[in-house]
Amino acid sequence: MSNYNRVFNFSAGPSMLPLEVIEKVAKDLPNYNGTGQSVMEMSHRSKEYQQIIDDAEANLRTLMNIPDNYKVLFLQGGGTLQFSMVPINLLRNSKKADYIVTGQWAKKAAEEATKFGDIKVVASSEEATYTYIPKVGKEDFRPDADYVYICTNNTVFGSHYPYLPETGDIPLVADMSSSILSEEVDVEKYGLIWAGAQKNVAPAGVTIAIIREDLIGHAPKETPIYLDYKTHADNGSMYNTPPCFSIYVAGEVFKYLLANGGIKAIHEYDVKKATLLYDYIDGSGFYKAPVNKEDRSIMNAVFVTGDEALDKEFIAKAREEGLINLAGHRALGGMRASLYNAVPLEGVEALIDFMERFKNQHK
Ligand SMILES: *Cc1c(COP(=O)(O)O)cnc(C)c1O
């Protein structure tokens, strides 16, 4: 099998997809399953496409063990539209919601939500540049809050919740854009899980929402029809034309994961990759990972040399070796290696090999 001169791409998103999936999609592109057309050209009302979306949903349900009283929705508008859809739909009683701000995406979500209700930031790690996850418990939330909001994996700062906040009867809403399918989650602990696909699932264009049925149907009357979860739940994510191709590729990724041991197996692989990199960084005496050890993300590893000019040189030199997209988020600087499911162990090994040589030239 050719490697097509592919690079190791550490992008935070859009990001690497499994090569097997890319090859399968490429092979099936001109004539999908004997239909004489590609999925890009196919009517979303055709029985062939209905099968594709039904299989995608069924396979995601199997992968994540999603209970029957949850709807799976395939939406557009990216993660960003969920910052608005969540409060519009879920501020259904007191119009109060409590947010834990552990990074730029949670902060944006909280800011957007203030347009729609009484939003309280119950904890934040902003004062420490989001290098840790605050410990929050039931006593920290307003008892009449309509929901509690978290971002499980902080893509920009490279942190991840080492625990799940106890919210009692208050529905927990989680942005899992950069950690979905990298670890087993107990869906029942959440009222709503949502994730933009372009980090760990599929090409950009589809956002997955997994929502408990009793939380659907409470949006105010004047809510634009597209922004009401009920519209999508009642129409099997086909009220209007869905992002057909992204859903199709997501479905192929789900099949690929199921055929390779499911989330348990990919999680072990992800932990192995991340541990290799963090252990190297911690022992290097040259690079530093600023995030609290127990709160580190296995998906996005943030590190620095401590010298901005050297960081820039690192990123440029790595690129020359086919190790691309290692620059930290434009808000943060430094380096970030995103190690999503499809980033191979060999990529991490090549990165560490480069890091060691770079260190020896510059220490
Ligand atoms: C990328 C990202 C978003 C924003 O997604 P868009 O699709 O670009 O709007 C939100 N939350 C998290 C955790 C992300 O990583």
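### Considerations on the packing of aromatic side chains
Working step 1: For the coordinates displayed, the defined rule picks out 16 aromatic pairs.
Working step 2: Summarising the aromatic geometry, the rings of Phe-83 and Trp-105 are spaced 6.3 Å apart at their centres and angled 40° between planes, so their arrangement reads as tilted. One end of the pair, Phe-83, is in helix 3 (residues 78-90); the other, Trp-105, is in helix 4 (residues 104-113), and 22 residues separate them in sequence.
Working step 3: A relative accessible area of 5% means that Phe-83 is categorised as buried.
Working step 4: Residue classification places Trp-105 among the partly exposed positions, given a relative accessible area of 24%.
Working step 5: Measuring from ring centre to ring centre gives 5.8 Å for Tyr-287 and Phe-314, while their planes differ by 75°; the resulting arrangement is edge-to-face. Placement of Tyr-287 in the loop between helix 7 (262-284) and strand 11 (300-303) and of Phe-314 in helix 8 (residues 308-320) is noted, with a sequence separation of 27 residues between them.
Working step 6: What makes Phe-314 buried here is its relative accessible area of 0%.
Working step 7: By the ring-pair criterion, three or more aromatic residues cluster together here, those being Tyr-280, Phe-286, Tyr-287, Phe-303, Phe-314, Phe-354 and Phe-358.

### Focus on the pattern of salt bridges
Working step 1: With the rule as written, the count across this model stands at 23 salt bridges.
Working step 2: Glu-48 is paired through a salt bridge with Lys-47; the nearest N and O atoms lie 3.6 Å apart.
Working step 3: With a relative accessible area of 27%, Glu-48 lands in the partly exposed category.
Working step 4: Using a relative accessible area of 66% as the deciding quantity, one classes Lys-47 as exposed.

### Notes on the site of the ligand
Working step 1: All residues in the neighbourhood of the ligand are listed as Gly-78, Gly-79, Thr-80, Phe-83, Trp-105, Cys-151, Asn-153, Thr-155, Asp-175, Ser-177, Gln-198 and Lys-199.
Working step 2: In this structure, an oxygen atom belonging to the ligand sits 2.5 Å away from a side-chain N or O atom of Thr-155.
Working step 3: Bound to the protein, the ligand loses 86% of the 380 Å² it would expose on its own.
Working step 4: Of all the elements, helix 3 adds the most residues to the shell around the ligand, at 4 residues.

### Examining the pairing of strand 10 (residues 207-212)
Every other side chain in a regular strand lies on the same face of the sheet, so the side chains alternate between the two faces.
Working step 1: Within strand 10, 5 of the 6 residues are buried, leaving the element largely enclosed by the surrounding structure.
Working step 2: Here strand 2 (residues 70-75) runs beside strand 10; their pairing, made up of 6 bridges, is antiparallel. For Leu-75, the partnering residue across the bridge sits in strand 10 and is Thr-207.
Working step 3: With 5 bridges joining them, strand 9 (residues 192-196) and strand 10 adopt antiparallel strand pairing. Looking at strand 10, one finds that Trp-194 is bridged to Ala-209.

### Side note on the packing of helix 8 against helix 9 (residues 345-362)
Working step 1: At a minimum axis separation of 11 Å, helix 8 and helix 9 run at an interaxial angle of 135°. It follows that helix 8 is oblique to helix 9 by the angle criterion. Here helix 8 runs over helix 9; the crossing is right-handed. Across the interface between the two elements, Leu-310, Glu-313, Phe-314, Lys-317 and Ala-318 of helix 8 pack against Leu-351, Phe-354, Met-355, Phe-358 and His-362 of helix 9.
Working step 2: Taken together, the residues of the contact of helix 8 with helix 9 sort by class into 7 nonpolar, 1 polar and 2 charged.

### Considering the sheet that holds strand 8 (residues 172-175)
Working step 1: Spatial ordering of the open sheet is given by 2-10-9-8-5-3-4, a layout of 7 strands whose pairing is mixed. Each having just a single partner strand, strand 2 and strand 4 (118-124) make up the two edges of the open sheet. The sheet shows a mean angle of 15° between the axes of neighbouring strands, taken without regard to direction.
Working step 2: Along the sheet, helix 2 (residues 47-64) makes contact with strand 2 and strand 10, crossing strand 2 at roughly 130°.
Working step 3: Against the sheet, helix 4 engages strand 3 (96-101), strand 4, strand 5 (147-151) and strand 8, with an angle of about 160° to strand 3.

### A short note on the environment of Ser-43
Working step 1: Mapped onto the fold, Ser-43 is located in the loop between helix 1 (19-28) and helix 2.
Working step 2: Separated by 2.9 Å, the side chain of Ser-43 and the backbone nitrogen of Arg-45 make a polar contact.

### A word on the pairing of strand 5
Working step 1: Here strand 5 lies mainly inside the structure; 5 of its 5 residues are buried.
Working step 2: Every second residue of strand 5 is oriented toward a common face, with Tyr-147, Tyr-149 and Cys-151 on one face and Val-148 and Ile-150 on the other, all of them buried.
Working step 3: In terms of strand pairing, strand 3 meets strand 5 through 3 bridges, oriented parallel. When the sheet's bridge partners are listed, Ala-97 is paired in strand 5 with Tyr-147.
Working step 4: As judged from the 4 bridges shared by strand 5 and strand 8, these two strands associate in the parallel manner.

### Notes on helix 8
Working step 1: When the terminal C-alpha atoms of helix 8 are compared, their 19 Å separation across 13 residues agrees well with the 18 Å that a helix rising 1.5 Å per residue should span.
Working step 2: The inward-facing, buried residues of helix 8 abut strand 11, strand 12 (323-324), strand 13 (335-338) and helix 9.
Working step 3: Where helix 8 begins, the capping side chain belongs to Asp-307, and its oxygen is found 3.0 Å from the backbone nitrogen of Ala-309.
Working step 4: Taken from the residues just after helix 8, Gly-322 is the one with a positive phi, measuring 80°.

Calculation criteria
- Residues numbered from 1 in each chain as written.
- Predicted model: local features only at pLDDT ≥ 70, side-chain atom pairs only at ≥ 80, totals over all residues.
- Heavy atoms only, no water.
- Phe/Tyr/Trp six-rings, centres within 6.5 Å; stacked < 30°, edge-to-face > 60°.
- Helix = DSSP H or I, 4+ residues; strand = E, 2+ residues; numbered from the N terminus.
- Buried < 20%, exposed > 50% of the residue type's maximum accessible area, 1.4 Å probe, protein only.
- Salt bridge = Lys/Arg side-chain N within 4 Å of Asp/Glu carboxyl O.
- Near = heavy atom within 4 Å.
- Polar contact = N/O pair within 3.5 Å; in protein donor to acceptor, adjacent residues only side chain to side chain.
- Areas by Shrake-Rupley, 256 points an atom, 1.4 Å probe, with all protein chains shown as cover.
- Pairing = 2+ DSSP bridges.
- Axes fitted to C-alpha atoms, helices over the stretch in contact; angles between N-to-C directions.
- Parallel < 35°, antiparallel > 145°, perpendicular 65-115°, else oblique.
- Left-handed = near helix turned anticlockwise from the far one by under 90°.
- Contact = heavy atoms within 4.5 Å.
- Nonpolar A, V, L, I, M, F, W, Y, C, P; charged D, E, K, R; others polar.
- Expected span 1.5 Å × (residues − 1).

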